[in-house]
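The lines below spell out each chain.
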Amino acid sequence: GQNIDQPTEMTATEGAIVQINCTYQTSGFNGLFWYQQHAGEAPTFLSYNVLDGLEEKGRFSSFLSRSKGYSYLLLKELQMKDSASYLCAALYGQNFVFGPGTRLSVLP
Amino acid sequence: DAGVIQSPRHEVTEMGQEVTLRCKPISGHNSLFWYRQTMMRGLELLIYFNNNVPIDDSGMPEDRFSAKMPNASFSTLKIQPSEPRDSAVYFCASSFSWTNEKLFFGSGTQLSVL
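A brief structural summary. The model shown is predicted, which means the values in this text are computed figures rather than measured ones.

Cut-offs used in this document
- Residues numbered from 1 in each chain as written.
- Chains lettered and ligands numbered in written order.
- Predicted model: local features only at pLDDT ≥ 70, side-chain atom pairs only at ≥ 80, totals over all residues.
- Heavy atoms only, no water.
- Disulfide = S-S within 2.5 Å.
- Helix = DSSP H or I, 4+ residues; strand = E, 2+ residues; numbered from the N terminus.
- Buried < 20%, exposed > 50% of the residue type's maximum accessible area, 1.4 Å probe, protein only.
- Contact = heavy atoms within 4.5 Å.
- Buried area = accessible area lost by both parts, 1.4 Å probe.
- Salt bridge = Lys/Arg side-chain N within 4 Å of Asp/Glu carboxyl O.
- Polar contact = N/O pair within 3.5 Å; in protein donor to acceptor, adjacent residues only side chain to side chain.
- Pairing = 2+ DSSP bridges.
- Core = buried A, V, L, I, M, F, W, Y, C linked by side-chain atoms within 4.5 Å.
- Axes fitted to C-alpha atoms, helices over the stretch in contact; angles between N-to-C directions.
- Phe/Tyr/Trp six-rings, centres within 6.5 Å; stacked < 30°, edge-to-face > 60°.

Another aspect to go through is the state of the cysteines. Tallying each qualifying case throughout the model produces two disulfides over all chains. Covalent S-S linkage joins A:C22 and A:C88, the inter-sulfur distance amounting to 1.9 Å. What sets the handedness of the A:C22 and A:C88 disulfide is the S-S torsion sign, and at about -60° it is left-handed. With A:C22 in strand β2 (residues 18–23) and A:C88 in strand β8 (residues 84–92), the pair connects residues that are 66 residues apart, well separated along the chain. Assigned by exposure class, A:C22 and A:C88 land together as buried. Here B:C23 pairs with B:C92 through a disulfide, and the sulfurs are 1.9 Å apart. Taking the sign of the S-S torsion, about -65° here, the bridge from B:C23 to B:C92 comes out left-handed.

Next up, the structure:
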């Protein structure tokens with residue numbers, strides 16, 4: 001199988017920085033996506049990495065190391081509205097495999 | 001664009017009944033995916049289509065589940081007969097192509113089988 005691993009829950013303080021890690025199996029890997037999902041809503045796209053390195057998009061950045069099968073999502077200047085689940089998804093061929101999601105709680 | 005449209009938003013049915021979920025992808029997208037999300041198993045791919053053709057249905061739990069895409073603007077996921085363990089949120093998603101393109105998700109259908 002293509003197991004995707006992420007921490008189940010994380011807690012951080014408003015204004016802080018948080019890093020959410022994701023590991024995946026490298027065989028057949030084509031790219032790595034991050035999605036945000038607020039409770040009761042659909043997942044929405046945050047970022048995409050296919051090459052090694054850091055992709056920055058405003059307060060959110062995503063990093064990929066293909067050789068290590070590792071990615072992280074970095075959230076800066078946390079806001080209360082960032083409280084959500086963050087889903088890591090690896091693309092294998094034409095198949096998106098989602099991780100279990102990391103539930104992030106941002107505290108005042 | 002209205003985005004991916006799913007109906008109904010909520011469905012409550014009794015065990016043994018037939019359930020049909022509907023999805024309209026974003027116009028111009030040629031790949032369509034059906035996912036199921038539960039607390040225990042997370043987001044699982046059931047089936048995906050490219051240009052209206054089913055490409056991989058290995059995620060469909062069993063013969064009680066079937067999916068069709070008769071044209072580029074409509075797909076259905078049918079469960080017959082439904083069982084309580086089918087209770088979940090079912091998402092439809094579409095993308096411009098089946099590789100390296102982000103998915104756009106519909107609002108989902110919350111299915112409860114009593």
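A separate point is the interface of chain A and chain B. Tallying the contact residues gives 17 residues for chain A and 18 residues for chain B. For the chain A and chain B pair, buried surface summed over both sides reaches about 1500 Å², with 60% attributable to carbon and sulfur atoms. Counting the surface chain A buries against chain B, the share from its top three residues, A:Q94, A:F96 and A:F98, is 37%. Counting across the interface, chain A meets chain B through zero salt bridges. Inspection of the region where chain A meets chain B yields two residue pairs in polar contact (both at pLDDT 80 or more). Breaking the side of chain A that touches chain B down by element, the ones donating at least two residues are β3 (29–37), β4 (44–49), β8 and β9 (95–98) of chain A.

Take the pairing of strand β10 (residues 102–107) of chain A next. All names here are of chain A. Only one face of β10 is buried, namely the one carrying T102, L104 and V106, since none of R103, S105 and L107 on the opposite face is buried. Examined bridge by bridge, strand β1 (residues 9–13) and β10 share five bridges and lie parallel to one another. For T11, the partnering residue across the bridge sits in β10 and is S105. The pairing of β8 with β10 spans three bridges and is antiparallel. By the bridge assignment, Y86 is partnered in β10 with T102.

What follows concerns the nonpolar core. Side chains that are nonpolar tend, in soluble globular proteins, to be buried together. Residues A:I4, A:Y24, A:L32, A:W34, A:L75, A:Y86 and A:L104 are the most contacted members of the largest nonpolar core, which totals 23 residues. Of all the secondary structure elements, the ones that give two or more residues to this core are β2, β3, β6 (60–65), β7 (70–75), β8 and β10 of chain A. Every residue in contact with A:L75, bar those within four places of it in the chain, is listed here: A:A16, A:I17, A:V18, A:I20, A:R59, A:F60, A:D82, A:Y86 and A:L104. In this structure, B:I47, B:F49, B:M60 and B:Y90 belong to the second largest nonpolar core, which totals 21 residues.

Turning next to the sheet that holds strand β5 (residues 53–57) of chain A. All names here are of chain A. Ordered by their spatial adjacency, four strands build an open sheet running β2-β7-β6-β5, and the pairing between neighbours is antiparallel. Unpaired on one side and paired on the other, β2 and β5 mark the two borders of the sheet. Across the sheet, the mean angle from the axis of one strand to that of its neighbour is 15°, orientation sign disregarded. As paired strands, β6 and β7 are joined by six bridges and run antiparallel to one another. Considered in β7, the bridge of F63 is made with Y72.

Residue and element names in this part refer to chain B. Spatial ordering of the open sheet is given by β1-β3-β8-β7, a layout of four strands whose pairing is antiparallel. Two strands bound the open sheet, and with one partner strand each, they are β1 (5–7) and β7 (65–71). Between one strand and the next, the sheet's axes are offset by a mean angle of 15°, whatever the strand orientation. In terms of strand pairing, strand β3 (residues 19–24) meets strand β8 (residues 74–79) through five bridges, oriented antiparallel. Directly across from C23, in β8, lies its bridge partner S75.

For the rest of this paragraph, the subject is the packing of aromatic side chains. Summed over all chains, the structure comprises 19 aromatic pairs over all chains. For the pair A:F98 and B:F105, a centre-to-centre distance of 6.1 Å together with 75° between the ring planes defines the contact as edge-to-face. Of the two residues, A:F98 sits in strand β9 while B:F105 sits in strand β10 (residues 104–105), which places them in two different chains. Given a relative accessible area of 9%, A:F98 falls into the buried group. Judged by relative accessible area, which is 11%, B:F105 ranks as buried. Through successive ring pairs, a cluster of aromatic residues spans A:F33, A:Y35, A:F45, A:Y48, A:F96, A:F98, B:F33, B:Y35, B:Y48, B:F91 and B:F105.

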